[in-house]
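A closer look at the structure
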Amino acid sequence: MADNQQDEKLEYNVESQGESGASATFPMQCSALRKNGHVVIKGRPCKIVDMSTSKTGKHGHAKVHLVAIDIFTGKKLEELCPSTHNMDVPNVSRTEYQFSYIEDGFLNLIKPDGSEKSDVRVPEGDVGDRIREYEEAGTDILVTIISAMGEEAAISVKEAPKA
Amino acid sequence: MTADPIPELRRVLCDDNSPDLALRFRALFSLKHLATNGNLDAIKAIAAAFSSKSALLKHELAYCLGQCKNHAAAPFLQDVLKNLAEDNMVRHEAGEALGALVHVDSLPLLRKYLNDPSVEVRETCEIAIAKIEWETSAASKTEDLQSSAFASIDPAPPLAKEADISKLQRKLMDQESSLFERYRAMFRLRDIATPEAIDALATGLEDKSALFRHEIAFVFGQMSDPHSIPALIKAAGNKNEQSMVRHEAVEALGGIADERVDQFLKEYAQDEEVVVRDSAIVALDMAEFERSGAFEYALIPESN
């Protein structure tokens, strides 16, 4: 039993490490959160799109109402939290990669060290359409990958600066 | 054109025949919000309820006036402090509120009541004087304090960024130190807010000063961490403990809003001490609010 718990803990720690070695989330007092910042709601990394604070009651208590958008699925999530409580904030990173080609619905990208990265899907919608168009036209492009809590997605594309 | 909510809030707050004390508290916190935004009619409406019979309500009025950051509240608070026939819990809160307002002109009055018959009032005045002197000193501008997550104006600032819990616990309980300095350790421990900090604070519930013990209970209410429940139940349920301390412990339990303590709150609602009974009624309402998922505790009519 004890061994199992230990294993679970180790596994969790491994999972919570991003590629940079930074932890997946960090705690922040609810009152310190800001609109356009990030927060974890129901286990999902989100961007805060609206935030309001109630009037204070006894003990100076206030509640914070958060409306946020899942940064990967776009789904709207809401949370009501005492202003003094801690919320998890995801470490969100954005990295630009040189684009090579599309294979089986996945992007083939080139890391800064020259190695390949081929584990991110071509996104649905406008960004994905534009990547395909650029590929057909043979234009050199850069794709920005957003990364949070072990998930990654392509969020934007632009033409590579002419060498 | 929106209707002015103050007359209705004032009516609810001042209605001493109302069976709904919890509703009156919600009206009070609505008025406090308006008072904090500089509304003088809201300050007057709060002060008007000092004619109430409920010591619990009156002490909360004084607390709210002290939190409103407006010196227009000071004369009302001075009158309460001067009234020797008033309940000492209410007079204490008025003295503390004058400190919270950093009302320098009240220093002579606070010094006068350093010799008050009530030990709680004496201690309160000592702390309020030290608070005003600190706030108006050079130290308040140079000390490197961590900004607090708690929205209250406290009777003392937290100690500067000391992180050693056992050192802070010794300062908290150092009987050679002034109450003001010991309060500073208390608010620093509150801001640290770990279970270890709560355990350190809980030792303060054994202090010889009832005022000090009641402030520990208040701080636990602010922190709302279930870790403090056993210490609070011990204080709230102790019939030999002073009612001022029991009342604050009961309201702290309401703020924590853990379903496991409802049975205790319902028991306290039958207590012999009226302040404890009233606190339990307010605490049950607070707990219900915390769990309801409702956004506003204060009841300013949203349509207005």
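Everything quoted here is computed from the prediction, not taken from an experiment.

Regarding the interface of chain A and chain B
Counting from both sides, the interface comprises 18 residues of chain A and, opposite them, 27 residues of chain B. Around 1,900 Å² of area is buried between chain A and chain B when both sides are counted, 57% of it from carbon and sulfur atoms. Summed over the three residues of chain A that lose the most area to chain B, namely Lys55(A), Lys58(A) and His59(A), the buried surface amounts to 43% of that side. On inspection of chain A and its partner chain B, the count reaches four salt bridges. Here Lys58(A) ties to Glu248(B) by a salt bridge, and the two come within 3.4 Å at their closest N and O atoms. Across the chain A-chain B interface, the total number found is 10 residue pairs in polar contact (both at pLDDT 80 or more). Secondary-structure elements contributing two or more residues to the side of chain A that touches chain B are β3 (44-53) and β4 (63-70) of chain A.

Remarks on the domain arrangement of chain A
Residues and elements named next belong to chain A. The domains assigned to chain A are domain 1 (25-90) and domain 2 (93-159). Contact residues are listed per partner, giving nine residues for domain 1 and eight residues for domain 2. Of the roughly 600 Å² buried where domain 1 meets domain 2, counting both sides, 74% is carbon and sulfur surface. Counting every contact that joins domain 1 to domain 2 gives one salt bridge. We note a salt bridge from Glu-151 to Arg-44, for which the minimum N-O separation is 2.7 Å. The interface formed by domain 1 and domain 2 contains one residue pair in polar contact (both at pLDDT 80 or more).

Thresholds applied
- Residues numbered from 1 in each chain as written.
- Chains lettered and ligands numbered in written order.
- Predicted model: local features only at pLDDT ≥ 70, side-chain atom pairs only at ≥ 80, totals over all residues.
- Heavy atoms only, no water.
- Contact = heavy atoms within 4.5 Å.
- Buried area = accessible area lost by both parts, 1.4 Å probe.
- Salt bridge = Lys/Arg side-chain N within 4 Å of Asp/Glu carboxyl O.
- Polar contact = N/O pair within 3.5 Å; in protein donor to acceptor, adjacent residues only side chain to side chain.
- Helix = DSSP H or I, 4+ residues; strand = E, 2+ residues; numbered from the N terminus.
- Domains from an automatic or database assignment.

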